[in-house]
Amino acid sequence: MIPCPCGSGKLILACCGPILAGKPAPTAEVLMRSRYTAYATGKLDYIEETCAGPAAKAFDRLEAERSGLGTEWLGLTITGREAGLEGDETGKVSFTFRVRQNGQEVSASEVSLFRKIDRRWFYWDREDKVKAGRLGRNDPCPCGSGKKFKACHGA
């Protein structure tokens, strides 16, 4: 009986577990939550498989692996959503996440853009509306992209 890291309040087997196992996410928000859970549980294959467009081009597996070392994922809060429902083709999900890296707690906020391709949701890109606290420009980005913070969420 393990709670889902995505913060839904559900057990992982009734929440993100089936999505991580291959069931298509019905909405952009469900995909967002499952991606957070994948980062929190080290499932980078899933992160890579659910990227398309600019996000797929920007994803660097080796950097994501390196930046994930020593990262403790502390929580996800969905702060808004626009479209992204089962009948939509695009969607936006606003969220804030918290991590601990090198003993320091950091939070960041983002608006992620999603697209449905062949009836499956994919993470496409992000809007440049990122807020972060106490994270150096050259630190690894806590989102797990593998990029330095200044080139990712600090841009």
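Residues numbered from 1 in each chain as written. Predicted model: local features only at pLDDT ≥ 70, side-chain atom pairs only at ≥ 80, totals over all residues. Heavy atoms only, no water.

Chemist: Tell me about the state of the cysteines, and please be specific about residues and values.
Modeler: Tallying each qualifying case throughout the model produces zero disulfides. Cys 16 takes part in no disulfide bond, and the closest cysteine sulfur, belonging to Cys 4, lies 3.5 Å away. (Disulfide = S-S within 2.5 Å.)

Chemist: Please give an account of the layout of surface pockets that cites residues and values.
Modeler: Empty space within the second largest pocket amounts to approximately 210 Å³. In terms of lining residues, the second largest pocket is bounded by 13 residues, among which Lys 10, Ala 14, Cys 15, Ile 19 and Val 30 are the most central. Within the residue set of the lining of the second largest pocket, elements represented by two or more residues are helix H1 (16-20) and helix H2 (28-41). By residue class, the composition of the lining of the second largest pocket is eight nonpolar, one polar and four charged. (1 Å grid on protein atoms, 1.4 Å probe; cavity = no way out; pocket = protein on both sides within 12 Å on 5 of 7 lines; lining within 4 Å. Points joined across faces, edges and corners; volume = space filled by probe spheres on them. Helix = DSSP H or I, 4+ residues; strand = E, 2+ residues; numbered from the N terminus. Nonpolar A, V, L, I, M, F, W, Y, C, P; charged D, E, K, R; others polar.)

Chemist: Let's hear about the confidence of the model for the protein: which residues, and what values?
Modeler: The predicted model of the protein has a mean per-residue pLDDT of 88, with 85% of residues at 70 or higher. Within the protein, the element-level pLDDT minimum falls on strand E4 (residues 120-132), averaging 76, and the maximum on H1, averaging 98. Confidence drops under pLDDT 50 across residues 129-133; counting only partners more than four residues distant or on other chains, this segment forms 13 contacts. (pLDDT = per-residue confidence, 0-100. Contact = heavy atoms within 4.5 Å.)

Chemist: For the environment of Leu 20, give the residues involved together with the corresponding values.
Modeler: Mapped onto the fold, Leu 20 is located in helix H1. Spatially, the C-alpha atoms of Leu 20 and Lys 43 are 8.4 Å apart, while their sequence positions differ by 23 residues. Not counting chain neighbours up to four residues away, the residues in contact with Leu 20 comprise Ser 34, Thr 37, Ala 38, Lys 43 and Tyr 46.

Chemist: Give me the pattern of salt bridges: which residues, what numbers.
Modeler: Counted according to the given criterion, the structure contains 10 salt bridges. The salt bridge partner of Arg 98 is Glu 105, with a shortest N-O separation of 3.0 Å. Arg 98 sits in the partly exposed class, given a relative accessible area of 34%. On the basis of relative accessible area, Glu 105 is assigned to the partly exposed category, the value being 31%. In this structure, a network of salt bridges that share partners links the residues Asp 45, Glu 48, Arg 61 and Glu 65. (Salt bridge = Lys/Arg side-chain N within 4 Å of Asp/Glu carboxyl O. Buried < 20%, exposed > 50% of the residue type's maximum accessible area, 1.4 Å probe, protein only.)

Chemist: Outline the pairing of strand E3 (residues 104-117), supporting the account with residue identities and numerical values.
Modeler: One ladder, built from 12 bridges, connects strand E2 (residues 90-101) with E3; its direction is antiparallel. Its bridge partner lying in E3, Thr 90 is registered against Arg 115. Once E2 ends, the chain turns through two residues before running back antiparallel as E3, passing Asn 102 with a positive phi of about 50°. (Pairing = 2+ DSSP bridges.)

Chemist: Provide a residue-level description of unusual backbone geometry, including the pertinent values.
Modeler: Within the chain, Asn 102 stands out as a residue other than glycine whose phi angle is a positive 50°. Mapped onto the secondary structure, Asn 102 falls in the loop between E2 and E3.

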